[in-house]
Every structure is written in structure tokens, then in C-alpha cells.
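# Notes for the structure review
As a plain string of letters, each chain reads:
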Amino acid sequence: SIVFLVQIGALTIQSVFQFVSIVESQDFQVSPAAQGMRLYYEGYIYLAIGIIFWATRAGWRPKLFAALIFILLSLSATRGLIYSVIICLALLTVLTGKRRALARFSVLGVLAIALILALIFTSQLRGDDELSTSNEVRTTFVKQVEEQITPGSLLWGHGLGVGVPERPVHMEITYVELFHKNGLIGLAVWASLLALILRRFALLREPSTARIAIPFVLGVLLVVIDALTNPALNNPIGLSMVFICFSVL
């Protein structure tokens, strides 16, 4: 409700910040003046994971809760997170659909439409200036990473804690950061986590057991997909979901 009131102008972001006593925090991101309307919290990724868990449950009430949470998440105008949810919901349809052949075919069309609508919506909500700035930052540090590639760094990277001028500590694109700091060997180590999870899930033979595991596995996939545009995987926020899934499997 608070996020919605901010979007329609009934509340200002400043008044919300004063109410929750936030002075400065990297966990919150706010659109600059005259650059769209955005209030984003780093923990929103668990809203996205929650959508998957609600959508997995039977009945119309959980689906309603999932829809309401998706509306809230959409108001954050976080493109990568919204896309991740849409893709994981499409995979959920394929995995749990009774008519699987039809589900696989129809979900592609729904996915394409949803992604296009999400792109248009976030562009309107955040504004072209903010989105272009966000894209420019990513383009800049990717080029800087590319310029610093050496034969050695290609294999094992430049080392933990070594960034680039545009992003001296962490980078929005997780896999670019992992490659820069740990090289192809580091990427392979991280990829092995996902491979182990998918293998353990594939070994579940009992349908009822596999169904319980589905939202946990999709939660990990959501983190992995979101890491293409946001630093979700190589920090406690996303990594927690990975190891919770390990325990469940």
C-alpha cells in the first residue's frame, strides 16, 4: 500500500524514509529527482521467491497472494527481478502442467508477451534517463573488465577484492565480477553449485517429493537468472537460498 501511494504521489519517498528513520543505506535505492518513481529494497528478491512458493500451492487463494506480491514487485521497477519471476513462473507451468506438451508450447507465447509488457512498464515507471544511466554504468564496467583481461586472469582472475575504476568493489552483473576476480575457474566453481542442485533434483523419482522440491529449485534458478543484472548470487541474500535448497534436496 505504501509503495502504491508513493507511485500515485499521495506520499513522498522522503516522508517514507523519515517514517522508517532511514538516513543513508545501500539497501535502499531511490530514483533521482526528475528521473522516474522508484523505491527499491535489496530484500525484494525474497518477494520474488515468495511468489514462486505461493504459485506452487494448490487453490485460488495462494495464486491470489502470488499475484498481489507480483504487483508490488512490479512497482519496484527492477527489470532483472521481474524478468526472473516471469521466466521461473513459465518453468513452473511446464513442470507442473497436467497437459505438458500444450503447456510447453503455450508458455513460450505468454512468456514473450509478459517480458515485453514488463519492459514497457518499467520504462514508464523509472523513466528513460534513469534506465539509460543504469545501462551506461553496466556497459562501462564491462568494457573495463574486458580491457584488463590477461592470459592469467582469463583462467584464475585478478583476485578477490580487485575491481575496476567504475566498480571498485562489486558489480551489478554478478558473472562479470566473478570472471574478473576468479576467472573461468571461479565461474566453473559457481556453476558446479547449480549443476549439483539440478542433478539432485533430477534424481528425485517420487512425484510428490519432487513437487515439494520444485519451488526451492526454482528459487535458486531465480537467483541465478537475477544475477545476470543484479548482484544476487555472490552475497548472503542469494547464497542463502542456494544452501537452503541443498539442505531440502
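Relevant structure appears above.
Residues numbered from 1 in each chain as written. Predicted model: local features only at pLDDT ≥ 70, side-chain atom pairs only at ≥ 80, totals over all residues. Heavy atoms only, no water.

### With respect to the overall build of the protein
We count it as follows: Only DSSP runs of H or I covering at least 4 residues are called helices, and only runs of E covering at least 2 are called strands; the numbering of each starts at the N terminus. Throughout, exposure labels follow a simple rule: accessible area from a 1.4 Å probe, protein chains only, divided by the maximum for the residue type, with under 20% read as buried, over 50% as exposed, and the rest as partly exposed. The Shrake-Rupley method, run with a 1.4 Å probe sphere, supplies the accessible areas, and residue values consider only the shown protein chains as cover.
Looking only at helices and strands, one finds 11 helices and two strands in the protein. A burial count over the protein gives 41% of its 249 residues as buried. Surface accessibility of the protein: about 13,900 Å² in total, with carbon and sulfur atoms responsible for 68%.

### Quick notes on the packing of aromatic side chains
Our working rule: We call Phe, Tyr and Trp rings a pair once their centres come within 6.5 Å, taking the six-membered ring for Trp, and we label the pair stacked below 30 degrees between planes, edge-to-face above 60, and tilted otherwise.
Throughout the structure, instances matching the rule amount to four aromatic pairs. When the ring of Tyr41 is compared with that of Tyr44, the centres are 6.4 Å apart and the planes differ by 90 degrees; the resulting orientation is edge-to-face.

### Side note on a nonpolar patch on the surface
The condition that has to hold: Residues enter patches when their relative accessible area tops 30% and they take part in no salt bridge; the joining distance is 9 Å for like charges and 5 Å for the nonpolar side chains Val, Leu, Ile, Met, Phe, Trp and Tyr. Between Lys or Arg on one side and Asp or Glu on the other, a salt bridge is scored when a side-chain nitrogen of the former is within 4 Å of a carboxyl oxygen of the latter.
Taken together, Ile149, Leu154, Leu155, Trp156, Leu184, Ile185 and Val189 make up a surface patch of nonpolar side chains, about 650 Å² in accessible area. Given the relative accessible area of 49%, Ile185 is considered partly exposed.

### So, the nonpolar core
Rules: Among the buried residues, those of types Ala, Val, Leu, Ile, Met, Phe, Trp, Tyr and Cys that are joined through side-chain atoms within 4.5 Å form a nonpolar core. Contact criterion: two residues are considered in contact whenever any of their non-hydrogen atoms come within 4.5 Å of each other.
Counting 37 residues, the largest nonpolar core has Leu73, Leu81, Ile197, Val220, Leu222 and Val223 as the members making the most contacts within it. Every element with two or more residues in this core is listed here: helix 3 (45–56), helix 4 (60–75), helix 5 (79–96), helix 9 (174–202), helix 10 (207–226) and helix 11 (236–248). The element that contributes the greatest number of residues to this core is helix 10, accounting for 11 residues. Residues contacting Ile197, with those up to four places away along its chain left out, are Val217, Val220, Val242, Cys245, Phe246 and Leu249.

### Brief notes about the packing of helix 5 against helix 10
How we decide: Axis angles are defined between N-to-C directions and span 0 to 180 degrees, where every axis is a line fitted to C-alpha atoms and, for a helix, only to the segment in contact. With respect to orientation, any angle under 35 degrees is reported as roughly parallel, any angle over 145 as roughly antiparallel, any angle of 65 to 115 as roughly perpendicular, and every other angle as oblique. Left-handed describes a crossing whose near helix is turned anticlockwise from the far helix by less than a right angle; the clockwise case is right-handed.
Across the interface, helix 5 lies against helix 10 with an axial gap of 9 Å and an inter-helix angle of 150 degrees. The angle between the axes of helix 5 and helix 10 places the two elements in the roughly antiparallel class. When you trace helix 5 past helix 10, the crossing you get is right-handed. Residues Gly80, Leu81, Ser84, Val85, Ile87, Cys88, Leu91, Leu92, Leu95 and Thr96 of helix 5 lie in contact with helix 10, whose contacting residues are Arg211, Ile214, Leu218, Leu221, Leu222, Ile225 and Asp226.

### Topic: the pattern of salt bridges
Per the stated rule, a full pass over the model turns up two salt bridges. In this structure, Glu172 engages Arg167 in a salt bridge whose closest nitrogen and oxygen atoms are separated by 2.7 Å. Judged by relative accessible area, Glu172 falls into the buried class, the value being 16%. Overall, Arg167 belongs to the partly exposed group, its relative accessible area being 22%.

### Describing unusual backbone geometry
One non-glycine residue, Ala77, adopts positive backbone phi at about 60 degrees. Note that Ala77 resides in the loop between helix 4 and helix 5. Accessibility expressed as a relative area gives 0% for Ala77, which makes it buried.

### Describing helix 9
Cut-off, in case you're wondering: The span you would expect from a helix comes to 1.5 Å times its residue count less one. Bend is computed residue by residue as the angle between axes fitted to the seven residues ending at the residue and the seven residues starting at it.
With 29 residues, helix 9 ought to run about 42 Å at 1.5 Å a step, yet its terminal C-alpha atoms sit only 26 Å apart, falling short of that. At Asn182, helix 9 shows its maximal bend, which comes to roughly 125 degrees. Restricting attention to buried positions, one finds in helix 9 the residues Thr174, Val176, Glu177, Leu178, Phe179, His180, Lys181, Gly183, Gly186, Ile197 and Phe201.

### Let's talk about the packing of helix 7 (residues 128–147) against helix 9
For clarity, the cut-off: Put simply, Ala, Val, Leu, Ile, Met, Phe, Trp, Tyr, Cys and Pro go in the nonpolar bin, Asp, Glu, Lys and Arg in the charged bin, and everything else, Gly too, in the polar bin.
Between helix 7 and helix 9, whose axes approach to 11 Å, the crossing angle comes to 25 degrees. Classified by the interaxial angle, the pair formed by helix 7 and helix 9 is roughly parallel. Taken as a pair, helix 7 and helix 9 cross one another with a handedness that is left-handed. Of the residues in helix 9, those touching helix 7 at Phe141, Val142 and Val145 are Val176, Phe179 and His180. Among the residues forming the contact of helix 7 with helix 9, the class breakdown is five nonpolar, one polar and no charged.

### So, the environment of Ile173
Note that Ile173 resides in the loop between helix 8 (151–156) and helix 9. Dropping the residues within four chain positions of it, Ile173 is found in contact with Arg138, Phe141, Val142, Ala227 and Leu228.

### Some details on the side chain of Thr174
In plain terms, the rule: The term polar contact refers here to a pair of N or O atoms within 3.5 Å; inside protein, the definition further demands a hydrogen-donor-capable atom paired with an acceptor-capable atom, and it admits residues adjacent in sequence only when both atoms are side-chain atoms.
Tracing the backbone through its elements, the reader meets Thr174 in helix 9. For Thr174, a relative accessible area of 0% corresponds to the buried category. Here Asn230 takes part through its backbone oxygen, which lies 3.0 Å from a polar atom of the side chain of Thr174. Each residue touching Thr174, except ones within four places of it in the same chain, is listed here: Ala227, Asn230, Pro231, Ala232, Leu233 and Asn234.

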